[in-house]
Amino acid sequence: MFSTRVPRDLAANRLTIAVAAQRAAGRPLIDLTESNPTRAGFDYPADLLAPLADARALAYAPSPLGLREAREAVSRDYARQRLDVPADRIALTASTSDAYSVLFKLLCDAGDEVLVPRPSYPLFEPLAALDAVAPRAYDLDIHGGWTIDVSSVERAITPRTRALLVVTPNNPTGSLVSDDELDRLAAICAPRGIAIVADEVFADYELEPGALSRAGRVASRADVLSFSLGGLSKSIGLPQVKLGWIAVAGPEPLARAALERLEHVSDAYLAVSTPVQIAAPALLARGAAIRSQIAERVAANYRMLKAGGDALAPCRVLRSDAGWYAVLHVPSLEPEEDLVLRLLATDEVLVHPGYFFDFPRESFLVVSLLPPTAAFAEAVARVLRHFDCTVRRP
Ligand SMILES: Cc1ncc(COP(=O)(O)O)c(C=O)c1O
């Protein structure tokens, strides 16, 4: 009856069941998996969304790639990041997930393949499946920081490869793709007709000072068809407003052909609401205040974690250049899932196990840097104490 794009087994996993039971029993827990900024104690002005009520949105004038003024506002947002992206190279989407779906439709036939980083964003698997596309993993290697194992990219390529996905800053490793890595990836992809899709939704959130200035950005590339993804969800902490975007770069005729086809795909759905498009310039301007609160919080929480340094042994906080997450390397006293369940039951702290993100081995724990600093510090102290790691409070 149902397509194989949708999983056969929709049952909740052990961790989800345990969390629901803990909550149902009224037992407290500090949630270090919280990645919803609207639940992390930031100060959102009550009238922040007033621009959505602009009366001009009473008229419906569909425009598949998005209204001019909204695309210009996104172009200005790239300029804020010192990137020159003309408005006519920008397509609006309802979210980053929507952007992936649009791009899979643009680039892939059913059964074609896209290369995805490992470890990385767990949603790639279901997103690809929903568009009948097959994800194939390439590896990130850790040695101090994370870098792309370029030979694993080459090994993963088949005649059906249509796109290489990079997440920069990556969720959850916090690693950035460097200019040099992008050059090497472009040299592999361009001659084979493989596009690069760069998810840059966390590009505003620097954790290691100076890291962002060393990051490569696809929006400025002329040698390979590339798509840069961004959105309000992370850039101003408004995932519920539902506005994302794709910036197209690459050799001129190819980029133009991609935009024409993107317009065709978007015209079939017209997924982006008129009110959000009209509000986009004002929201992007007003949202700077939310962005700076988030940036300050994640950087402070990361600094607090790193301040433990070698004193945390045998636990280790991995270097994270940017984003909303940090990774703890912890002793493998038991399987990751058992460990996470134990931390939940005995220490009342919820963290993500590394296997969720396809880490190459155990044991890694992923923590969100969004929670208020006092709760974050308390929860991290409990996790580290679990391993008899010494905790130095800020
Ligand atoms: C790497 C990455 N891309 C995209 C998204 C989701 O963005 P959106 O809400 O725009 O779909 C997330 C959300 O956590 C993410 O981690």
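Structure shown above.
In this convention, every chain numbers its residues from 1, walking through the sequence in written order. At least 70 in pLDDT is required for a residue's local features to be given in this predicted model, at least 80 for side-chain atom pairs to be given and counted, and no such filter applies to totals for whole chains, interfaces and linings, which use all residues. Remark: hydrogens and water are excluded; side-chain values derive from all non-hydrogen atoms of the structure.

1. Points about the overall build of the chain
So, step 1. Each helix and strand counted, the chain has 12 helices and 14 strands in total.
So, step 2. To get the radius of gyration, use the C-alpha atoms; to get the globule rule, take the number of residues to the power 0.38 and multiply by 2.2 Å. Here the C-alpha atoms of the chain give a radius of gyration of 21 Å, agreeing with the 21 Å that 2.2 N^0.38 yields for 394 residues.
So, step 3. Projecting the C-alpha coordinates of the chain onto the three principal axes gives extents of approximately 60 × 50 × 50 Å.
So, step 4. Relative to its full complement of 394 residues, the chain shows a buried share of 54%.
So, step 5. Considering only contacts within the chain whose residues lie at least 6 apart along the sequence, 74% involve residues at least 24 apart. Only DSSP runs of H or I covering at least 4 residues are called helices, and only runs of E covering at least 2 are called strands; the numbering of each starts at the N terminus. Accessibility here uses a 1.4 Å probe with only protein chains present; expressed as a share of the type maximum, an area under 20% marks a residue as buried, one over 50% as exposed, and anything in between as partly exposed. Throughout, a residue-residue contact means that at least one pair of heavy atoms, one from each residue, lies within 4.5 Å.

2. Focus on the site of the ligand
So, step 1. By convention in this text, a residue qualifies as near a molecule or strand provided that one of its non-hydrogen atoms is within 4 Å of it. As a structural note, the neighbourhood of the ligand is formed by Ser95, Thr96, Ser97, Tyr121, Val167, Asn171, Asp199, Val201, Phe202, Ser233 and Lys234.
So, step 2. By the criterion applied in these results, polar contacts are pairs of N or O atoms within 3.5 Å in which, for protein atoms, one can donate a hydrogen and the other can accept it, and in which residues neighboring in sequence qualify only through two side-chain atoms. Ser97 places a main-chain nitrogen or oxygen 3.2 Å from an oxygen atom of the ligand.
So, step 3. Taking Ser233, its side chain carries an N or O atom lying 2.9 Å from an oxygen atom of the ligand.
So, step 4. Reported accessibility uses the Shrake-Rupley method at a 1.4 Å probe radius. Residues are deemed covered only where the shown protein chains occlude them. Its free accessible area being 400 Å², the ligand has 89% of it covered by the protein chains.
So, step 5. Elements with a contribution of two residues or more to the shell around the ligand: helix 3 (96–107) and helix 7 (232–235).
So, step 6. By residue class, the composition of the shell around the ligand is four nonpolar, five polar and two charged. The residue classification treats Ala, Val, Leu, Ile, Met, Phe, Trp, Tyr, Cys and Pro as nonpolar and Asp, Glu, Lys and Arg as charged. All others, Gly included, are polar.

3. Observations concerning a nonpolar patch on the surface
So, step 1. Patches in this entry comprise residues that are over 30% relatively accessible and not in a salt bridge; like charges within 9 Å are linked, as are nonpolar side chains (Val, Leu, Ile, Met, Phe, Trp, Tyr) within 5 Å. Any carboxyl oxygen of Asp or Glu within 4 Å of a side-chain nitrogen of Lys or Arg constitutes a salt bridge here. Taken together, Val6, Leu10 and Leu130 make up a surface patch of nonpolar side chains, about 300 Å² in accessible area.
So, step 2. With respect to the helices and strands, the residue Leu130 is situated in helix 4 (residues 124–130).

4. A short note on the state of the cysteines
So, step 1. Two cysteine sulfur atoms form a disulfide, by the criterion used here, when they sit within 2.5 Å. Under the defined criterion, the tally for this structure stands at zero disulfides.
So, step 2. With no disulfide of its own, Cys108 has Cys189 as its nearest cysteine by sulfur position, at a separation of 13 Å.
So, step 3. Given the relative accessible area of 10%, Cys108 is considered buried.

5. Regarding the sheet that holds strand 14 (residues 364–368)
So, step 1. Pairs of strands are assigned from DSSP output, requiring at least two bridges between the strands. Pairing is antiparallel in the open sheet, where four strands are placed in the order 10-11-14-13. Among the strands making up the open sheet, the edge pair consists of strand 10 (316–317) and strand 13 (352–353).
So, step 2. Of the pairings in the sheet, the one linking strand 11 (residues 325–329) to strand 14 comprises five bridges and is antiparallel in character. Paired with Val327 across the strands is Val366, a residue of strand 14.
So, step 3. Packing of helix 10 (residues 288–307) onto the sheet brings it into contact with strand 10, strand 11 and strand 14, and relative to strand 11 it is tilted by some 15°.
So, step 4. Here helix 11 (residues 336–347) sits on the sheet and contacts strand 13 and strand 14; the angle it forms with strand 14, its principal contact strand, is near 45°. Every axis in this analysis is a line fitted to C-alpha atoms, fitted for helices over the stretch in contact. Angles between the N-to-C directions lie between 0 and 180 degrees.

6. Focus on the sheet that holds strand 6 (residues 161–167)
So, step 1. Across the sheet, eight strands lie side by side as 2-9-8-7-6-3-4-5; this open sheet has mixed pairing. Looking along the sheet, the strands with just one partner apiece sit at the ends: strand 2 (90–93) and strand 5 (145–148). If you compare each strand with its neighbour and ignore which way they point, the axes differ by 25° on average.
So, step 2. Along the sheet, helix 3 contacts strand 2, strand 3 (113–118), strand 6, strand 7 (195–199), strand 8 (226–231) and strand 9 (244–249); its crossing angle with strand 8, the most-contacted strand, is approximately 160°.

7. Some words on the packing of helix 11 against helix 12 (residues 373–386)
So, step 1. Running from amino to carboxyl end, helix 11 crosses helix 12 at an angle of 115°, the nearest separation of the two axes being 11 Å. The element helix 11 and its partner helix 12 pack so that their crossing is right-handed. Contact with helix 11, carried on its side by Leu339, Arg342, Leu343, Thr346 and Asp347, involves Arg382, Val383 and His386 of helix 12 and no other residues of that element. Note: crossing handedness is left-handed where the near helix turns anticlockwise from the far helix by less than a right angle, and right-handed where it turns clockwise.

8. Observations regarding helix 2 (residues 68–80)
So, step 1. If you check helix 2, its first and last C-alpha atoms are 18 Å apart, about what 13 residues at 1.5 Å a residue would give, namely 18 Å.
So, step 2. Those residues of helix 2 that fall on the buried side of the exposure criterion are Ala70, Arg71, Ala73, Val74, Ser75, Asp77 and Tyr78.
So, step 3. In this fold, the buried residues of helix 2 make contact with strand 2, strand 8, strand 9, helix 9 (274–286) and helix 10.
So, step 4. One or two positions beyond helix 2, positive phi appears at Arg82, with a value near 60°. By this rule, a helix spans an expected 1.5 Å times one less than how many residues it contains.

9. Digging into the environment of Ala57
So, step 1. Structurally, Ala57 is set in the loop between strand 1 (30–31) and helix 2.
So, step 2. Remark: the alpha-carbon pair of Ala57 and Gln277, spanning 220 residues in sequence, is separated by 8.7 Å.
So, step 3. Ignoring sequence-local partners within four residues, the contact set of Ala57 consists of Thr274, Pro275 and Ile278.

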